Amino acid sequence: MRLGRVVHDIGVANGSDAIHIVLQVTGVDDEVIMTAFTFFATAGAIASANTKPVYVDINPVTFNKEILQKENVYVWHSRGNYKGE
């Protein structure tokens, strides 16, 4: 039974495995921008893929990444940008 137009898929044990696999498949090998307001395993999965998590602040109202503040460490050359929830 097909539920969508997906040709291939892969089952993983948890979100950490999913993040690790995506980083390996996409070839991100330098930095991943993420918020510190997330589960610690997110940074662990990023680090286990031989990449460096780069933390940015969040907007206290929306809890989204606050990229417009000048004080933030936002690295524009990073290819990975994790949108944690």
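Look above for the structure.
Residues numbered from 1 in each chain as written. Predicted model: local features only at pLDDT ≥ 70, side-chain atom pairs only at ≥ 80, totals over all residues. Heavy atoms only, no water.

Chemist: Lay out helix α1 (residues 15-26) in plain terms, naming residues and giving numbers.
Modeler: End to end, α1 covers 16 Å across twelve residues, agreeing with the expected 16 Å (1.5 Å per residue, within 8%). The N-cap of α1, judged by a side-chain oxygen 3.2 Å from the amide nitrogen of S16 a few residues on, is N14. One or two positions beyond α1, positive phi appears at G27, with a value near 80°. (Helix = DSSP H or I, 4+ residues; strand = E, 2+ residues; numbered from the N terminus. Expected span 1.5 Å × (residues − 1). Polar contact = N/O pair within 3.5 Å; in protein donor to acceptor, adjacent residues only side chain to side chain.)

Chemist: Requested: an account of the packing of aromatic side chains, with residues and values cited.
Modeler: Under the definition given, this model contains two aromatic pairs. Here F39 and F40 contribute two aromatic rings whose centre-to-centre distance is 4.6 Å and whose plane-to-plane angle is 45°, an arrangement assigned as tilted. Note on F39: relative accessible area 54%, which makes it exposed. (Phe/Tyr/Trp six-rings, centres within 6.5 Å; stacked < 30°, edge-to-face > 60°. Buried < 20%, exposed > 50% of the residue type's maximum accessible area, 1.4 Å probe, protein only.)

Chemist: So what's going on with the environment of T26? Which residues, and what values?
Modeler: Considering the arrangement of structural elements, one finds T26 in helix α1. The class of T26 is partly exposed, set by a relative accessible area of 48%. Reaching out from T26, the side chain makes a polar contact with the backbone oxygen of V22 at a distance of 2.7 Å.

Chemist: Report on the packing of α1 against helix α2 (residues 40-48), specifying residues and quantitative values.
Modeler: Following both chains from N to C, one finds α1 and α2 inclined at 30°, their axes separated by 8 Å at the closest point. For the pair α1 and α2, the crossing hand works out as right-handed. From α1, S16, I19, H20 and L23 reach across to α2, where they touch A41, T42, A45, I46 and S48. Classifying every residue of the contact of α1 with α2 by side-chain character gives five nonpolar, four polar and no charged. (Axes fitted to C-alpha atoms, helices over the stretch in contact; angles between N-to-C directions. Left-handed = near helix turned anticlockwise from the far one by under 90°. Contact = heavy atoms within 4.5 Å. Nonpolar A, V, L, I, M, F, W, Y, C, P; charged D, E, K, R; others polar.)

Chemist: Tell me what's going on with the pairing of strand β1 (residues 31-35), and back it up with residues and numbers.
Modeler: Put simply, side chains in a regular strand alternate between the two faces of the sheet. By the criterion of burial, β1 is predominantly enclosed, with five of the five residues buried. Taking every second residue as pointing to the same face, both faces of β1 are buried, with E31, I33 and T35 on one and V32 and M34 on the other. Here β1 pairs with strand β2 (residues 52-56) via five bridges, running parallel. Directly across from M34, in β2, lies its bridge partner Y55. (Pairing = 2+ DSSP bridges.)

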